[in-house]
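Each chain is listed here by its residues.
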Amino acid sequence: MWPAANGKIAVRRLRSGADTAAAKTARAGLLAPELHRCSVAIVGVGALGSFIADMLARSGVRHLTLVDGDVVMPGNLVRHVVGPEAVGLSKARAVKQHLVTRYETSVIDVGKELTAGAEAVELLSNHDLVVDATADFAITALLHVAAQMLAKRIVSATIQNDGMSYRIDLLPPLDGSEPLPPSGVDAGRRLTDFFEAGCGSPISPTPPYVVMEAAAVAVRH
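About the criteria used
Residues numbered from 1 in each chain as written. Predicted model: local features only at pLDDT ≥ 70, side-chain atom pairs only at ≥ 80, totals over all residues. Heavy atoms only, no water. Buried < 20%, exposed > 50% of the residue type's maximum accessible area, 1.4 Å probe, protein only. Helix = DSSP H or I, 4+ residues; strand = E, 2+ residues; numbered from the N terminus. Arc of directions from axis to C-beta. Contact = heavy atoms within 4.5 Å. Pairing = 2+ DSSP bridges. Right-handed = clockwise from strand over helix to strand, strands pointing away. Polar contact = N/O pair within 3.5 Å; in protein donor to acceptor, adjacent residues only side chain to side chain.

Undergrad: Hey, could you run me through helix α5 (residues 117-125) in this one?
TA: One turn of the α-helix equals 3.6 residues, which is why residues spaced by three or four share an orientation. Within α5, burial applies to Ala120, Leu123 and Leu124. All buried residues of α5 project into a common sector of 95° when viewed along the axis, lining one side. Those residues of α5 that are buried lie in contact with β3 (39-43), β4 (63-67), β6 (129-132), α6 (137-150) and β7 (154-160).

Undergrad: Even after reading the chapter, I still don't get the pairing of β3, so can you show me in this structure?
TA: Strand residues, when the strand is regular, have side chains that alternate between the two faces of the sheet. Where burial is concerned, most of β3 is hidden: 5 out of the 5 residues are buried. Burial along β3 is two-sided: the face carrying Ser39, Ala41 and Val43 and the face carrying Val40 and Ile42 are both buried. The sheet contact formed by β3 and β4 spans 5 bridges and is parallel. Within β4, the residue paired with valine 40 across the bridge is leucine 64. At this point the chain moves from β3, through helix α3 (residues 47-59), to the parallel β4, and the crossover so formed is right-handed.

Undergrad: Even after reading the chapter, I still don't get the environment of histidine 80, so can you show me in this structure?
TA: With respect to the helices, strands and loops of the structure, histidine 80 is situated in the loop between β4 and α4 (91-100). Under the relative-accessibility criterion, histidine 80 is labelled buried at 5%. Linking histidine 80 and glycine 49, residues 31 residues apart in sequence, is a C-alpha distance of 8.8 Å. In this structure, histidine 80 is in contact with Val45, Gly46, Ala47, Ser50, Phe51, Lys91 and Val95, ignoring residues within four places of it in sequence. Within the structure, histidine 80 has its side chain in polar contact with the backbone oxygen of glycine 46 (distance 3.4 Å).

The following block contains the structure:
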């Protein structure tokens, strides 16, 4: 009950709901309590990496490190988890703001690219899991070699063929075999050559729903 604008008393009925950590955890899946204790680093928080970060936080991961030196551009918003308020921020900082305002998650953002073996080793040593969402062969190879050295594994997720396919790799493979061979681009399809102002890379017409599908598969892994 509280005074209304006309000087009378206004009475409204509100439905109460549990807002406790236990209530939220109960809706996050059976693995949520275990994931509370896990720390995950995501290298590359563009379209795919941003949704992977969001789903991991929703699923119970409380400690995330985001690595990306790129900046959010207006055109990124179609497939990215952040909104217009993030334009101009580094993608790592933008995703961090998105996560800490919505979920009970501590996030460290690293606004630079992964370029050295020592950085890859440090990242793997300080986290339970590293997710590579860069679609950059050099960075994937760097993390893969570091994982082999430390007897650890990474999850590598990428979207291919303008959204016609995606692949999720566990590196090194569990059975000790060689990773699956590279996926080739369908020779019958012509990749887009469209560019936008301020962006040096060709624009991919990958639909937003493919980004979410690929992110969900990566998080399941």
